[in-house]
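So you can see what is in the structure, the chains are spelled out below.
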Amino acid sequence: MKTLLQRTLGPLTAVTLALTVWLGIWVTPPDKVQGDLARMLYIHPALAWVALYVSFGTVVVASALYLWPRTRSLTVDRVAEAALEVSIVFIALTLITGSLWGRPAWGVWWVWDARLTSTAIMGVLELGIIALRRANLDPDIRARRSAVLALVSALNVIIIHFSVTWWQTLHQSASVLAPGGKLEVHGSMLWTMLLSFVAFTLLFSWLTRERYRLSVRRAGRTSDVLQAALAQRQAEGVPR
Amino acid sequence: MMRVAWLVARKDLRIETRSRVLLWQVLPFGVIALILSGLAVGPNDDAMRHAAPGLFYLVILLVVLFMIGRAQAVEAPAGTRTSVTMLGGDPAGIFLGKTLALALELIVTAAVLLAGVVVLLHAPLAGTASAIPSVLLTLGALAAGGTLYGALVAGADVQATLLPIIALPPFAGLLIVGEKSFAAAVAGQSSVKWLLFLSVSLLAYLAVGILLYGVTEES
Amino acid sequence: MKYVIAGYSVTGVVLAGYALSLWWRSHRDVD
């Protein structure tokens, strides 16, 4: 039984995204200080929000649920796997859009700004979890270990965040502001930005759902292949 | 739990002293890595001295990877891993024991590397000595985290390449804080904030390891 | 402005590409 949200998730996502882009590029005014560059406001913060909190949060919660015996299930493991993959995509986009936003402002493509650096390390942490998921292990053990690694990574994200913040402030490089730091956001800019948050969160949900379905389909296919092979072997079998 | 920990630590350390991998392979590697660091950064004296804390920890991270691989490898033959758990070995105790053994081996290595940093990279002796508390805490956190990550990759056929990918990103945070507290000690500044942070990190890793180490294995 | 266009474009291409890859992977026989 599909709920209304499940049925409309795809179209809703498409509509909100299209609306965001239209508003962001054509309708909203350029900023007083940053001019048109400020239009990054309608994609970068939302991407970062989804990457750092929504998707990774989903991975962490799903992992915790897998480790708790009462809620352990294949479904939960697949949700973790799906959210993880989508998470990587969003983190990569966060870094790319952050870099594109910063380049005109800083003159370079990358600075060891606390936020960028923490995000980059978090991306690599997630790559590590994906690497572990590809290891040739018993499925349940692999699921458990990935879940453990996800939880430890959550702890690490906190450690990394504080350590990089202190590292950066002590380092006293040219006082670097996050690109959106000095923006005054109000009126249509604010609404569009909020809409972008909704749009990208919906997109995350849709992509994760599709990726989850891919896992289910794969598993079904594997057992189909297995069944077919068994049936063939039986047909060839010599009666004893 | 503590009794199991003690037994496991003694077992690991005994294996280490018999095989002497630490002495003949890990330490020489550490020294070579330090020399390479000096070559990469020097010969400008100021550059080397400035980079010394960071380079020290960079080499330590590489050394830890070797040692973790080793700590898990000694479990592999004759199904030692399964037998310990089957005999009712408390996983938390195993975790603590392996962490302790790894930490001690790291401390020995660090002592040699610190001497190397003073001699080769011209880090000031007094400053380096005052960095020792922060170094100990950082090594403890590395040992705890390292033991946990080692368990996560154990038994996978791509173990050797998987471990660095999993362990190095988290260690980056410890690298940063370790380096900063070392540098602060050398400069004679107060490092209370760093020590506090390191202590909290160490406790967090220990807690997570105690809680989750067993999960990685049971079926 | 070109940075903005680049940002929106890259985002769109990557996300669309990822969605397409999901579709493609679900129709392959071997993974």
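All values derive from a computational prediction rather than experimental measurement.

Quick notes on the overall build of chain A
Consideration 1: Scanning chain A from N- to C-terminus turns up six helices and zero strands.
Consideration 2: The order of helices and strands in chain A, counted from the N terminus, is α-α-α-α-α-α.
Consideration 3: Relative to a compact globule of 240 residues, whose C-alpha radius of gyration would be 18 Å, chain A shows 22 Å and is clearly more extended.
Consideration 4: For chain A, the spread of C-alpha atoms along the three principal axes comes to 85 × 40 × 30 Å.
Consideration 5: The buried share among the 240 residues of chain A stands at 48%.
Consideration 6: Taking as baseline every contact in chain A between residues at least 6 positions apart, the subset at least 24 positions apart corresponds to 79%.
Consideration 7: Summing over all exposed atoms, chain A offers an accessible surface of approximately 12200 Å²; the carbon and sulfur share of this is 66%.
Consideration 8: Between the mean site of the 23 positive side-chain charges and the mean site of the 13 negative ones, chain A shows a separation of 5 Å.

Topic: the confidence of the model for chain C
Low pLDDT marks stretches whose predicted atomic positions should not be read closely.
Consideration 1: For chain C, per-residue confidence averages 86 on the pLDDT scale, and 90% of positions sit at 70 or higher.
Consideration 2: The ipTM assigned to the predicted complex is 0.89, against a pTM of 0.84.

Examining the interface of chain A and chain C
By a widespread convention, an interface's size corresponds to the accessible area lost as its parts come together.
Consideration 1: On the side of chain C, 18 residues touch chain A, which itself brings 31 residues to the contact.
Consideration 2: Linking chain A with chain C are one salt bridge, by the criterion used here.
Consideration 3: Between arginine 25 of chain C and glutamate 85 of chain A there is a salt bridge whose closest N-O contact spans 3.0 Å.
Consideration 4: Along the contact surface separating chain A from chain C lie four residue pairs in polar contact (both at pLDDT 80 or more).
Consideration 5: When grouped by side-chain class, the residues that make up the side of chain A that touches chain C number 20 nonpolar, two polar and nine charged.

Focus on the interface of chain B and chain A
Consideration 1: Each partner contributes to the interface: chain B provides 33 residues, whereas chain A provides 27 residues.
Consideration 2: If you sort the residues of chain B by the area they bury against chain A, Leu152, Ile176 and Phe197 of chain B come out on top, with a joint share of 20%.
Consideration 3: For the pair chain B and chain A, the interface holds zero salt bridges.
Consideration 4: Only helix H7 (132-153), helix H8 (159-186) and helix H9 (192-212) of chain B provide two or more residues apiece to the side of chain B that touches chain A.
Consideration 5: A breakdown of the residues in the side of chain B that touches chain A according to their chemical character gives 23 nonpolar, four polar and six charged.

Quick look at helix H4 (residues 114-133) of chain A
Consideration 1: Relative to the 28 Å expected for 20 residues at 1.5 Å per residue, H4 of chain A spans 29 Å between its end C-alpha atoms, a close match to the ideal helical length.
Consideration 2: Across the 20 residues that make up H4 of chain A, a large majority, 15, are buried.

Here we look at the packing of helix H2 (residues 44-67) of chain A against helix H6 (residues 188-236) of chain A
Residue and element names in this part refer to chain A.
Consideration 1: It is the contact of H2 with H6, at a shortest axis distance of 9 Å, that shows an interaxial angle of 40 degrees. When the axes of H2 and H6 are compared, the pair comes out oblique. H6 is crossed by H2, and the crossing has right-handed handedness. Residue-level inspection shows Pro45, Ala46, Leu47, Trp49, Val50, Val54, Ser55 and Thr58 of H2 in contact with H6, the latter providing Ser196, Phe197, Phe200, Thr201 and Phe204.
Consideration 2: Grouping the amino acids of the contact of H2 with H6 by side-chain chemistry returns nine nonpolar, four polar and no charged.

Concerning unusual backbone geometry
Consideration 1: Phi is positive for histidine 122 of chain B, which is not a glycine, with a value near 60 degrees.
Consideration 2: The partly exposed category is assigned to histidine 122 of chain B, whose relative accessible area is 34%.

A word on the environment of alanine 129 of chain B
Consideration 1: Considering the arrangement of structural elements, one finds alanine 129 of chain B in helix H6 (residues 125-130).
Consideration 2: For the pair alanine 129 of chain B and alanine 103 of chain B, spaced 26 residues apart in sequence, the C-alpha to C-alpha distance is 19 Å.

Observations concerning the pattern of salt bridges
Consideration 1: Within this structure, the stated rule accounts for 12 salt bridges over all chains.
Consideration 2: Across the salt bridge formed by aspartate 77 of chain A and arginine 133 of chain A, the nearest N and O atoms sit 2.8 Å from each other. One end of the pair, aspartate 77 of chain A, is in helix H3 (residues 74-106); the other, arginine 133 of chain A, is in helix H4, and 56 residues separate them in sequence.
Consideration 3: Arginine 211 of chain A is the partner of glutamate 81 of chain A in a salt bridge, and the nearest nitrogen-oxygen pair spans 3.8 Å. Taken as a pair, glutamate 81 of chain A in helix H3 and arginine 211 of chain A in helix H6 lie far apart in primary sequence, 130 residues in all.
Consideration 4: Accessibility expressed as a relative area gives 2% for arginine 211 of chain A, which makes it buried.
Consideration 5: Salt bridges sharing partners connect three or more residues here, namely Glu81, Glu85 and Arg211 of chain A together with Arg25 of chain C.

Here we look at empty space enclosed by the protein
Residue and element names in this part refer to chain B.
Consideration 1: With the rule as written, the count across this model stands at three cavities of 30 Å³ or more.
Consideration 2: Space inside the second largest cavity adds up to approximately 90 Å³.
Consideration 3: Of all the elements in the fold, those that place two or more residues in the lining of the second largest cavity are helix H1 (2-19), helix H3 (45-73) and helix H5 (91-120).
Consideration 4: With four residues, H5 is the largest single contributor of residues to the lining of the second largest cavity.

Calculation criteria
Residues numbered from 1 in each chain as written. Chains lettered and ligands numbered in written order. Predicted model: local features only at pLDDT ≥ 70, side-chain atom pairs only at ≥ 80, totals over all residues. Heavy atoms only, no water. Helix = DSSP H or I, 4+ residues; strand = E, 2+ residues; numbered from the N terminus. Rg over C-alpha atoms; globule rule 2.2 N^0.38 Å. Buried < 20%, exposed > 50% of the residue type's maximum accessible area, 1.4 Å probe, protein only. Contact = heavy atoms within 4.5 Å. Areas by Shrake-Rupley, 256 points an atom, 1.4 Å probe, with all protein chains shown as cover. Lys, Arg positive; Asp, Glu negative; His and termini not counted. Charge placed at Lys NZ, Arg CZ, Asp CG, Glu CD. pLDDT = per-residue confidence, 0-100. Salt bridge = Lys/Arg side-chain N within 4 Å of Asp/Glu carboxyl O. Polar contact = N/O pair within 3.5 Å; in protein donor to acceptor, adjacent residues only side chain to side chain. Nonpolar A, V, L, I, M, F, W, Y, C, P; charged D, E, K, R; others polar. Buried area = accessible area lost by both parts, 1.4 Å probe. Expected span 1.5 Å × (residues − 1). Axes fitted to C-alpha atoms, helices over the stretch in contact; angles between N-to-C directions. Parallel < 35°, antiparallel > 145°, perpendicular 65-115°, else oblique. Left-handed = near helix turned anticlockwise from the far one by under 90°. 1 Å grid on protein atoms, 1.4 Å probe; cavity = no way out; pocket = protein on both sides within 12 Å on 5 of 7 lines; lining within 4 Å. Points joined across faces, edges and corners; volume = space filled by probe spheres on them.

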